[in-house]
Protein chains: 2
Amino acid sequence: MPDPNLYDPDCPTRLVLDRIGDRWTVLVVLLLSQKSPMRFTELRRHVGGIAPKVLTQTLRALERDGLLRRTVYAEVPPRVEYELTELGRSLRAPITAIGRWAERHVGEVLDARASYDDDQRADQVDA
Amino acid sequence: MPDPNLYDPDCPTRLVLDRIGDRWTVLVVLLLSQKSPMRFTELRRHVGGIAPKVLTQTLRALERDGLLRRTVYAEVPPRVEYELTELGRSLRAPITAIGRWAERHVGEVLDARASYDDDQRADQVDA
DNA sequence: CTGTATCCTGTAAGATACTG
DNA sequence: CAGTATCTTACAGGATACAG
């Protein structure tokens, strides 16, 4: 394999970033790295406001990428459990780091936004 | 401020995740944490395949969130430099961690995808 | 050089109803 | 319970031309 180069649009590392870049993947991985295994409805309840179709898509994509293991128990009613694989758990550290950054710095970001938007409004008036 | 809760759709931390979640932000932050300041065209050249409009959007969003400082020099031809702020640099560690994870584990992910897709095909034939 | 201004399109995501 | 099946829509993102 050639040197991975995130900045090359054709480099597969980009596929990884694109995956992480969807709205739900990070949240699901965070959840499963805190509690595992979890069931479909359980995940759905914890991840606020996700449609079942979308949750399925997210889980399937994670499974396809080898980050997640899906286990179906032949019972009635059906029971399906999701848990991170070894590979998925290796994502835990970097992703929780992002999560913690978000929690610690939301305030600053919101302040920055507010003052940026204020300046914008001021410029509008000037012009 | 109430406890930040990433899983609450209305929690502002989600705004942060959404920002990180676009296609280019992570790449731009990575670039600027390696070399700074950088100019518009320079960024454009390094980030493979980004349209100028989109690069502008990305940079503006980062600026609005206080992660990026944009400096315009009154010269002809115009020169504009971009660099991370303190806040932006604090994102460096978590984001480079993601980048490194991608580089280190692309192989495994691609393998997982291939075998998953193979199984899918096999199931198709079975049915 | 550093961007706007337009126009256009694909697709992620949402809502909802339904099934084994 | 754990999902599919459908339908719909917004909007991020792309291509291209042009402007100060």
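Within each chain, residue numbers correspond to sequence positions counted from 1 in written order. Whichever chain is written first becomes A and whichever ligand is written first becomes 1, with later ones labelled in order. Only residues with pLDDT of 70 or above have their local features reported here, since the model is predicted, and side-chain atom pairs are shown and tallied only from 80 upward, although totals for entire chains, interfaces and linings are computed over all residues. The basis for every side-chain value is the complete set of non-hydrogen atoms in the structure, without hydrogens or water.

Colleague: Summarise the sheet that holds strand E3 (residues 79–84) of chain A; cite the residues concerned and give the values.
Modeller: Residue and element names in this part refer to chain A. Note on pairing: DSSP must find at least two bridges between two strands before they are called paired. Elements are defined by DSSP. Helices are runs of H or I of four residues or more, strands are runs of E of two residues or more, and each kind is numbered from the N terminus. Strand order in the open sheet made by the three strands is E1-E3-E2, with antiparallel pairing throughout. Sheet topology places strand E1 (38–39) and strand E2 (68–73) at the edges, where each strand pairs with a single neighbour. Any two residues whose heavy atoms approach within 4.5 Å are treated as being in contact. Every angle, taken between N-to-C directions, lies between 0 and 180 degrees, and every axis is a line fitted to C-alpha atoms, over only the stretch in contact when it is a helix. Sheet contacts for helix H4 (residues 52–64): E2 and E3; angle to E2, the most-contacted strand, approximately 115°.

Colleague: Tell me what's going on with the interface of chain A and chain B, and back it up with residues and numbers.
Modeller: How large an interface is tends to be reported as the accessible area lost when its parts come together. Contact residues are listed per partner, giving 51 residues for chain A and 51 residues for chain B. Carbon and sulfur atoms make up 70% of the surface buried where chain A meets chain B, a total of about 4800 Å² over both sides. The term buried area refers to how much accessible surface (probe radius 1.4 Å) is lost by two components on association, counted for both of them together. In terms of surface lost to chain B, no three residues of chain A exceed Tyr7(A), Arg64(A) and Trp101(A), which account for 17% of the buried area on that side. Definition used for salt bridges: Asp or Glu carboxyl oxygen within 4 Å of a side-chain nitrogen of Lys or Arg. For the interface between chain A and chain B, the tally reads five salt bridges. The closest approach of N and O atoms between Asp117(B) and Arg64(A), which form a salt bridge, is 2.6 Å. Those elements giving two or more residues to the side of chain A that touches chain B turn out to be helix H1 (13–20), helix H2 (25–34), H4, helix H5 (86–90) and helix H6 (92–126) of chain A. A total of 17 residues in the side of chain A that touches chain B trace back to one element, the largest contributor, which is H6(A).

Colleague: A description of the protein's contact with DNA strand D should follow, citing residues and the corresponding values.
Modeller: By nearness alone, 18 residues border DNA strand D, and Thr41(A), Arg60(A), Arg70(A), Tyr82(A) and Lys53(B) come closest of all. The sugar and phosphate moieties of DNA strand D supply 67% of its atoms located within 4 Å of the protein. Counted as a polar contact is a pair of N or O atoms within 3.5 Å, where, for protein atoms, one must be capable of donating a hydrogen and the other of accepting one, and residues adjacent in sequence contribute only when both atoms are in side chains. Between DNA strand D and the protein, one listed contact pairs a phosphate oxygen with a side-chain N or O atom of Arg39(A) at 2.8 Å. Within the side chain of Trp24(B), a nitrogen or oxygen atom sits 3.1 Å from a phosphate oxygen of DNA strand D. Contributions of two or more residues to the surface near DNA strand D are made by helix H3 (40–46), H4 and E3 of chain A together with helix H4 (52–64) of chain B. Here a residue is near a molecule or strand as soon as one of its heavy atoms is found within 4 Å of it.

Colleague: Just give me the short version of the sheet that holds strand E2 (residues 68–73) of chain B, but keep the residues and values in it.
Modeller: Residue and element names in this part refer to chain B. Read from one edge to the other, the open sheet built from three strands follows the order E1-E3-E2, with strand pairing classed as antiparallel. Strand pairing shows two members of the sheet lacking a second neighbour, strand E1 (38–39) and E2, which therefore form its edges. Sheet analysis places E2 next to strand E3 (residues 79–84), joined by six bridges and oriented antiparallel. Each bridged residue has a counterpart across the sheet, and for Thr71 the counterpart in E3 is Glu81. The strands touched by helix H2 (residues 25–34) are E1, E2 and E3; relative to E3, the strand with the most contacts, the crossing angle is about 95°. Along the sheet, H4 contacts E2 and E3; its crossing angle with E2, the most-contacted strand, is approximately 115°.

Colleague: Got a sec to walk through the protein's contact with DNA strand C? Specific residues and values, please.
Modeller: Lining the immediate surroundings of DNA strand C are 17 residues, of which Lys53(A), Thr41(B), Arg60(B), Arg70(B) and Tyr82(B) lie closest. Of everything in DNA strand C that lies within 4 Å of the protein, sugar and phosphate atoms constitute 66%. The side chain of Tyr82(B) places a nitrogen or oxygen atom 2.5 Å from a phosphate oxygen of DNA strand C. For the surface near DNA strand C, the elements supplying multiple residues, two or more each, are H4 of chain A together with helix H3 (40–46), H4 and E3 of chain B. Looking at the surface near DNA strand C, the element that brings in the most residues is H4(B), giving three residues. Class assignment for the residues of the surface near DNA strand C results in eight nonpolar, two polar and seven charged. Lys, Arg, Asp and Glu make up the charged group, whereas Ala, Val, Leu, Ile, Met, Phe, Trp, Tyr, Cys and Pro make up the nonpolar group; the residues left over, Gly among them, are polar.

Colleague: Give me the UniProt feature "domain: HTH hxlR-type" (unreviewed entry) in chain A: which residues, what numbers.
Modeller: UniProt positions are given in the numbering used here, feature names are shortened, and annotations may be inferred rather than shown by experiment. With numbering matched to this structure, UniProt assigns "domain: HTH hxlR-type" (unreviewed entry) to residues 11–110 of chain A. In residues 11–110 of chain A, helix accounts for 62% and strand for 14%; the two terminal C-alpha atoms are 34 Å from one another.

Colleague: Give me the environment of His105(B): which residues, what numbers.
Modeller: If you trace the backbone, His105(B) turns up in helix H6 (residues 92–126). Look at His105(B) and you get buried, because its relative accessible area is 11%. Residues His105(B) and Leu91(B) lie 14 residues apart in sequence; the distance between their C-alpha atoms is 21 Å. With sequence-adjacent residues up to four places away left out, His105(B) is seen in contact with Leu87(A) and Ser90(A). Relative accessibility under 20% of the residue-type maximum defines a buried residue, over 50% an exposed one, and the middle range a partly exposed one, all with a 1.4 Å probe and only protein chains included.

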